[in-house]
Amino acid sequence: EYTVTHTILQLKGLFSGVDSVRITDTIVIEGIVTSSDQYGNFYKQIVIQDTTDAIAIMVDASYMYTKFPIGQKVYIKCKDLHIGTYGGVLKIGSTYEENGYYKFGRIQGRAKIDYHFVKTCTNEPLEPQVVTINQIGPALAFKLVKIENVQFMTGGIPTWADVANLADVQQTIVDTDYRTFTVTTSGYATFANDTIPQGSGYIVGIVSLYNGNYELLVRGPKDADMNNPRFAEPIYKDFEDGDLLSGGWTINTIKGHDWTFSTLGGGAYAMCSSYQSGSHTETESWYISPNFDLTLFTTPILTFRNAYKYSGPPMQVKYSTDYDGVSNPNDFTWTNLLYTQSTGNFVWVGSGNIELPSVPKLYLAFVYTGGVGGSGSTWEIDDIAIVNQQ
């Protein structure tokens, strides 16, 4: 039996600065193991948690789960170990020599690991702390949490990670309030090629921080229990990726100039104008969404921001339930949508809440016309979103 001298929170409180420091005092902490390298998503580190905080300990060893499984109570003899920041977060480790320089990293050698890690006879897995996505921050770093009422967002690869390239993949979960969070899985994980859950439910994992970005690391695929029906997933198009056509959006220009991507004046947005190279050209250009299935939405609400300048016809916003996605949109039925328009002079305003029908097939279109008689406005749109009315 060892005498615990510090809680994990107290140990962290002894550290200040950006470089690692050697622990010279006889300090002993205790904690419950919450991580596991059994499925390969925790690489050469063990995370322990007590009633005050949690911390990761870097070790140059594998198969640690065989000796220190989830729920194992351990003592850590900290004297002669180092504590410092690694990947932007505080961890316990050691130093090693490389090219004549000492670096902060993993505890080297099984004998040294066995000396500093003292196993007890107690194995009582911790219950994860139930949190919401917006609560995740510094106070939860390396703590075991449970996030309820979430699902993996569609898009991206359908598996946990990229096995072909042995690459980590960051999947996105979303909750019923449309808050999102990142779940990162190693390409070396044994479940990397498994399909991510297709329903909704909860996910358990350890909150990690790498280079300033919070993420969730699951111990294995069973940490995600998502067997409930999916809920309505928010739809966004904010142009921050610099691509007007990402996500299946298309431009169908009947005549004149296309919708284009712009960052003029700051931000990223789509714009269309009949004016180029000193003159106006008669223009009709449709910026059209992919087919949206809105049947999971009870009341779909469209919002977007818009701005314009110069005289000319206003931009129209329409939807269609019979468009085929490729042909001339004028050959199909479109319903006009009323929205709050900019006051001009490139002043951005919100469209207001625009109700859409809850249908399995809906195309949305932003239609620019101008240039007739040598005049036409310039219109800009940004932050297109469809959410379920709360």
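First, a word on scope: everything that follows refers to the structure included in this document. Model, not experiment: these values are computed from the prediction.

Topic: the pattern of salt bridges
Once the charged atoms of two side chains with opposite charge are near each other, the side chains can pair.
So, point 1. Inspection of the entire model under this criterion finds 15 salt bridges.
So, point 2. With a shortest N-O distance of 3.3 Å, Arg179 and Asp177 are connected by a salt bridge.
So, point 3. Taking the relative accessible area as the measure of exposure, Arg179 reaches 25% and is therefore partly exposed.
So, point 4. Note that Arg305 is salt-bridged to Asp382, the shortest N-O span being 3.3 Å. Here the residue Arg305 occupies a position in strand E24 (residues 300-309), and Asp382 occupies one in strand E30 (residues 378-388), the gap between them amounting to 77 residues.
So, point 5. A residue is classified by how much of its surface remains accessible, and Arg305, at 30% relative accessible area, is partly exposed.
So, point 6. A residue is classified by how much of its surface remains accessible, and Asp382, at 5% relative accessible area, is buried.

Details of unusual backbone geometry
So, point 1. Non-glycine residue Lys44 carries a positive phi angle of around 50°.
So, point 2. Tracing the backbone shows Lys44 in the loop between strand E2 (28-33) and strand E3 (45-49).
So, point 3. Residue class for Lys44 comes out buried when judged on its relative accessible area of 18%.

Structural notes on a negative patch on the surface
So, point 1. A grouping of Asp238, Glu240, Asp241 and Asp243 is seen on the molecular surface, where their side chains present a negatively charged patch.
So, point 2. Relative to the helices and strands, Asp241 resides in the loop between strand E17 (235-237) and strand E18 (250-255).

What to know about the sheet that holds strand E26 (residues 335-336)
So, point 1. With respect to topology, 5 strands assemble into an open sheet ordered E18-E23-E29-E25-E26, the strand pairing being antiparallel. One side of each edge strand has no neighbouring strand; the edge strands of this open sheet are E18 and E26.
So, point 2. In terms of strand pairing, strand E25 (residues 316-320) meets strand E29 (residues 363-370) through 5 bridges, oriented antiparallel. Looking across to E29, one finds that Lys318 is bridged to Ala365.

Overview of the pairing of strand E8 (residues 101-105)
So, point 1. Pairing analysis gives 5 bridges linking strand E7 (residues 89-98) to E8, with the strands arranged antiparallel. Within E8, the position partnered with Ser94 by the bridge is Gly105.
So, point 2. Between the antiparallel neighbours E7 and E8 lie 2 residues, among them Asn99 with a positive phi of about 55°.

Some remarks on the pairing of strand E20 (residues 269-273)
So, point 1. Counting buried residues along E20, 5 of its 5 residues qualify, which places the element largely inside the surrounding structure.
So, point 2. Side chains Tyr269, Met271 and Ser273 of E20 all project onto a buried face; the interleaved residues Ala270 and Cys272 project onto the opposite face, where all are buried too.
So, point 3. Looking at chain direction, strand E19 (residues 260-262) and E20 are connected through 3 bridges and run antiparallel. By the bridge assignment for E20, Phe261 is matched with Ala270.

Considerations on the side chain of Asp223
So, point 1. Looking at where Asp223 falls in the secondary structure, it is placed in the loop between strand E15 (213-217) and strand E16 (224-228).
So, point 2. Within the structure, the side chain of Asp223 is placed 2.7 Å from the backbone nitrogen of Arg219, a separation counted as a polar contact.
So, point 3. Residues in contact with Asp223, not counting those within four places in the same chain, are Tyr202, Ile203, Val204 and Val218.

Describing the side chain of Ser94
So, point 1. Following the sequence through the fold, Ser94 ends up in strand E7.
So, point 2. Classification of Ser94 as buried rests on a relative accessible area of 2%.
So, point 3. There is a polar contact of 3.0 Å between the side chain of Ser94 and the side chain of Lys112.
So, point 4. The residues contacting Ser94, other than those within four sequence positions of it, are His82, Lys103, Phe104, Gly105, Arg106, Ile107 and Lys112.

Structural notes on the packing of aromatic side chains
The description of an aromatic ring pair uses the distance of the two centres, along with the angle that the planes make with each other.
So, point 1. With the rule as written, the count across this model stands at 18 aromatic pairs.
So, point 2. Consider the rings of Phe304 and Phe366, whose centres lie 5.1 Å apart with planes at 85°: the pair is edge-to-face. You can see Phe304 sitting in strand E24 and its partner Phe366 sitting in strand E29, a full 62 residues away along the chain. As far as burial versus exposure is concerned, Phe304 and Phe366 are alike and both buried.
So, point 3. An aromatic cluster of three or more residues is present, and its members are Phe239, Trp249, Trp259, Tyr287, Phe292, Phe304, Tyr339 and Phe366.
So, point 4. A cation over an aromatic ring shows up here: Lys77 above the ring of Tyr115, its NZ or CZ 3.6 Å from the ring centre.

Conventions used here
Per chain, the residues get numbers from 1 upward, laid out in the order the sequence is written. Whole-chain, interface and lining totals are the exception, using all residues; otherwise, since this is a predicted model, local features are given only for residues with pLDDT of at least 70 and side-chain atom pairs are given and counted only at 80 or more. As a rule here, side-chain values come from all non-hydrogen atoms in the structure, and water together with hydrogens is ignored. By salt bridge we mean one thing: a side-chain nitrogen of Lys or Arg within 4 Å of a carboxyl oxygen of Asp or Glu. We call a residue buried when its accessible area falls under 20% of the maximum for its residue type, exposed when it is over 50%, and partly exposed in between, using a 1.4 Å probe and counting protein chains only. Numbering of helices and strands runs from the N terminus, with a helix taken as a DSSP run of H or I at least four residues long and a strand as a DSSP run of E at least two residues long. Every patch collects residues that have over 30% relative accessible area and no salt bridge, joining them within 9 Å if they carry like charges and within 5 Å if they are nonpolar side chains (Val, Leu, Ile, Met, Phe, Trp, Tyr). Each accessible area value is a Shrake-Rupley result obtained with a 1.4 Å probe; residue values ignore everything except the protein chains displayed when judging cover. The convention is simple: Lys and Arg are positive, Asp and Glu are negative, and His and the chain ends are not counted. One atom stands in for each charge, and that atom is NZ of Lys, CZ of Arg, CG of Asp or CD of Glu. Strand pairing requires that DSSP identify at least two bridges connecting the strands. Here a polar contact is recorded for every N or O atom pair within 3.5 Å, except that within protein the pair must consist of a potential hydrogen donor and a potential acceptor, and residues adjacent in sequence are included only if both atoms are side-chain atoms. By definition in these notes, contact holds between two residues if any of their heavy atoms fall within 4.5 Å. Between rings of Phe, Tyr and Trp, where Trp is taken as its six-membered ring, a pair exists when centres lie within 6.5 Å; planes separated by under 30 degrees are stacked, by over 60 edge-to-face, and by other angles tilted. We call a charge positioned above a ring when the Lys NZ or Arg CZ atom is no farther than 6 Å from the ring centre and deviates by at most 35 degrees from the ring normal.

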